[in-house]
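Structural overview for review
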Amino acid sequence: MNVTYLGHSCFQLTISGKKILFDPFITPNDLAKDIDVNTIETDYILISHGHDDHIADAESIAKRTGAKVISSWEIVQWLGTKGVENGHPMNTGGSWEFDFGTVKCVTAMHSSGLPDGSYGGNPMGFVITYTEHDVEKYLYYAGDTALTYDMKLIEEEFGHIDFAFLPVGDNFTMGIFDALKAAQFVNADTVIPMHYDTFGYIVIDHGDLKDAFSDFELAVFNIGEEKELT
Ligand code: NI
Ligand code: MN
């Protein structure tokens, strides 16, 4: 799987030849100022919840690329009122088979107001099941969330997670040590940290991060960096 980090919780993945963008927050992010949002091409945009630091660039990218937006019912409707017509609404507990793999929406313990105060529905995480080189892979994108015991259900259902994208910035979400428990709960192989260093509230100690995840494969990205994760 090819992964490019675009800052904060925004990643672009290539799975089964399709490009999938998570939680686009680029133009307001000072740390991502070298990324030109107008050059991003994508087939899908997955949005975990309605906060601005996850949805800021969704409308412009969706309109320019025609990408299908996968998010809560409320967020897909809200983007629809702004002229984003290609949406697939979901909600926690639901799964749907797309051409890159199957998306299951899972619990995230957070909030989800939209930037104009509209109700954004439930915040969520995504578990994506896809096939690479004839091997079934499981990816967990946690969104913004506290540590929750529901993460054990992910391990129960999928057995393990190949790639776990977990918030580690604390204050608004799990910090490093709760994220470590989350990685253990879902039985992760590779952990990709996100939602850190963007604002003063979520600056982390990178030494603590490396120490905490010493028993895991830890894939830390620079903004703009692209890696092939296997
Ligand atoms: Ni949030
Ligand atoms: Mn956030």
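Before reading on, note that the structure itself is shown above.
Conventions used here
- Residues numbered from 1 in each chain as written.
- Chains lettered and ligands numbered in written order.
- Predicted model: local features only at pLDDT ≥ 70, side-chain atom pairs only at ≥ 80, totals over all residues.
- Heavy atoms only, no water.
- Phe/Tyr/Trp six-rings, centres within 6.5 Å; stacked < 30°, edge-to-face > 60°.
- Helix = DSSP H or I, 4+ residues; strand = E, 2+ residues; numbered from the N terminus.
- Buried < 20%, exposed > 50% of the residue type's maximum accessible area, 1.4 Å probe, protein only.
- Lys NZ or Arg CZ within 6 Å of the ring centre and 35° of its normal.
- Contact = heavy atoms within 4.5 Å.
- Donors = N, O, S within 2.8 Å, 3.2 Å for Na, K, Ca; no water.
- Tetrahedral: all angles 85-135°; square planar, octahedral: opposite > 155°, others 65-115°.

**A closer look at the packing of aromatic side chains**
For the coordinates displayed, the defined rule picks out 15 aromatic pairs. Note on Phe22 and Phe126: the rings are 6.4 Å apart at their centroids and 55° apart in plane angle, and the pair reads as tilted. Here Phe22 is found in strand β3 (residues 18–22), whereas its partner Phe126 is found in strand β9 (residues 124–132), with 104 residues between them in sequence. Considered together, Phe22 and Phe126 belong to a single accessibility category, that of buried residues. Here the aromatic residues Tyr5, Phe11, Phe22, Phe126, Tyr141, Phe165 and Phe221 are joined through ring pairs into a cluster of three or more. Sitting over the face of the ring of Phe221, Lys227 holds its NZ or CZ atom 4.9 Å from the ring centroid.

**Notes on the environment of Leu31**
Within the fold, Leu31 resides in the loop between β3 and β4 (44–46). Residue Leu31 is classed as partly exposed on the basis of its relative accessible area, which comes to 46%. Distance in space between the C-alpha atoms of Leu31 and Gly7 is 7.0 Å, their sequence separation being 24 residues. Setting aside its immediate chain neighbours within four residues, Leu31 contacts Asp197, Thr198 and Ile223.

**Topic: the coordination of the nickel ion (ligand 1)**
Within the first shell, the nickel ion (ligand 1) binds the protein through His49 (NE2), His51 (ND1), His110 (NE2) and Asp144 (OD), at distances of 2.2 to 2.4 Å. One can describe the donor arrangement at the nickel ion (ligand 1) as irregular, given that its four donor atoms subtend angles of 87 to 177° at the metal. The sequence pattern describing where the donors of the nickel ion (ligand 1) fall on their chain is H-x1-H-x58-H-x33-D. In this model, the nickel ion (ligand 1) sits 3.1 Å from the manganese ion (ligand 2), the two metals being bridged by Asp144. One end of the pair, His51, is in the loop between β4 and α1 (52–55); the other, His110, is in the loop between β8 (102–107) and β9, and 59 residues separate them in sequence.

**Some words on helix α5 (residues 176–186)**
Owing to its 3.6 residues per turn, the α-helix brings residues three or four apart onto one side. Among all positions of α5, only Ile176, Ala179, Leu180, Ala182, Ala183, Phe185 and Val186 are buried. Contacts made by the buried residues of α5 are with β10 (135–141), α4 (151–158), β11 (161–167), β12 (188–194) and α6 (206–212). Directly after α5, the chain includes Asn187, whose backbone phi takes a positive value near 60°.

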